[in-house]
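For reference, the chains in residue letters:
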Amino acid sequence: MTAVAVSKGVPVSSRKVAVLGTRYADLGIEEEILGPLDVSLVLGDGGSASEILAVAADAEVVLAGSRPRFDAAVLAGLGCRGIVRYGIGVDTIDLDAARTRGIAVARVSDYGTEAVAFHAVATAMALFRRLPEADAALRGGAWGVAGVRPLHLPSASVAGVVGYGRIGRQAAHYLRGLGFTVLAHDEYVEVPEGDGVRSASLDEVLSTGDVVTLHAPGDPSGRALLGPQELGRMKEGSVLVNTSRGSLVDLPALLAALAAGRPRFAALDVFPAEPVDASVFEPVADRVLLTPHMAWYTEESEADMRRKAAAEAARLLRGEPLREPVV
């Protein structure tokens, strides 16, 4: 994409903020927050090193989506104060190289809580109620409940939440509202007694959960939280949901586990490599519900993320402490 200066009929400032790798219809939110600082916004695709530098080499701050890759060579060509990620992940930025060059890196992690939790529970319930199977059976000419037995009430079932941060707590709140007995496991966060959620070991969550939803951070080493042994301990007929990190689940092990029925179903919004090649799920296609890393998205959560990212860029421009610095 060709760099485009964004302004509202005012002279273009010599101070520049580059917005890379987004698909927003306009930059109205960014203009609203950064406009008073007398900066020009320039827009670029950021799909390659040359495209990043063509747009952002002289930018004071870079606002970046998930596509641009900031390796050491790209960072060496930038003269910016800092890079702000639209979102949580900073694996697209060489943090050591940024630190060496004195380039600040910030992110936005506290957005989309309601959206992600809602998506996780919505996809879990679709599989718990076996709606995709029922739909396929009806379209194939079948009628009645014979093909979807057994079905159970939430009040007779257990839901396990792995990771009890802000999204895990929201998911637990939704699941309790539906009537599930909710267990939660978190290695780092204490589960408050007043939440109506019982703290449990990972083994108990996996072995007793009719629904298990993952909201834990990924291991920095990339080690899967759920490998063959952990998946093998899951309850027969259960539902596994992952809207957190693709690295949390060993994908080949999950495919084998689904074929064995432990878990019976999986709803996946995140994958070890994205975009995912959906053909790898063909052997268990009737047991998976796949979505394209969309759990975070609603119009409201996207706007919230953009406001917070633009506000962080404004702090960089004003020389103020960052709200969520990584470097």
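Residues numbered from 1 in each chain as written. Predicted model: local features only at pLDDT ≥ 70, side-chain atom pairs only at ≥ 80, totals over all residues. Heavy atoms only, no water.

A. Inspection of the overall build of the protein chain at higher detail. Scanning the protein chain from N- to C-terminus turns up 11 helices and 13 strands. Projecting the C-alpha coordinates of the protein chain onto the three principal axes gives extents of approximately 70 × 45 × 35 Å. Scored against the burial criterion, the 327 residues of the protein chain give a buried share of 47%. Counted over contacts in the protein chain with a minimum sequence separation of 6, partners at least 24 positions apart contribute 61%. Of the roughly 15,900 Å² of accessible surface on the protein chain, 54% is carried by carbon and sulfur atoms. If you average the places of the 32 positive and of the 41 negative side-chain charges in the protein chain, the two averages end up 2 Å apart. (Helix = DSSP H or I, 4+ residues; strand = E, 2+ residues; numbered from the N terminus. Buried < 20%, exposed > 50% of the residue type's maximum accessible area, 1.4 Å probe, protein only. Contact = heavy atoms within 4.5 Å. Areas by Shrake-Rupley, 256 points an atom, 1.4 Å probe, with all protein chains shown as cover. Lys, Arg positive; Asp, Glu negative; His and termini not counted. Charge placed at Lys NZ, Arg CZ, Asp CG, Glu CD.)

B. Region of interest: the packing of aromatic side chains. All told, the structure shown has five aromatic pairs when counted by the stated rule. For the ring pair Y24 and Y86, a centre distance of 5.4 Å and an interplane angle of 80° mean the geometry is edge-to-face. Residue Y24 is found in the loop between β2 (16-20) and α1 (28-34), and its partner Y86 is found in the loop between β5 (82-85) and α4 (95-101); the two are separated by 62 residues along the sequence. On the basis of relative accessible area, Y86 is assigned to the buried category, the value being 5%. (Phe/Tyr/Trp six-rings, centres within 6.5 Å; stacked < 30°, edge-to-face > 60°.)

C. View of empty space enclosed by the protein. This structure, assessed with the given rule, holds two cavities of 30 Å³ or more. Taken together, N242, G246, V249, L251, L254, L268, V270, F271 and P272 make up the lining of the largest cavity. In this model, the second largest cavity occupies a volume close to 40 Å³. If you trace the second largest cavity, you find it lined by H119, T123, V241, N242, T243, A267, L268, D269, L289 and T291. Contributions of two or more residues to the lining of the second largest cavity are made by α5 (113-128), β11 (239-242) and β12 (265-268). Considering only residue class, the lining of the second largest cavity consists of four nonpolar, five polar and one charged. (1 Å grid on protein atoms, 1.4 Å probe; cavity = no way out; pocket = protein on both sides within 12 Å on 5 of 7 lines; lining within 4 Å. Points joined across faces, edges and corners; volume = space filled by probe spheres on them. Nonpolar A, V, L, I, M, F, W, Y, C, P; charged D, E, K, R; others polar.)

That is the geometry; function is a separate question.
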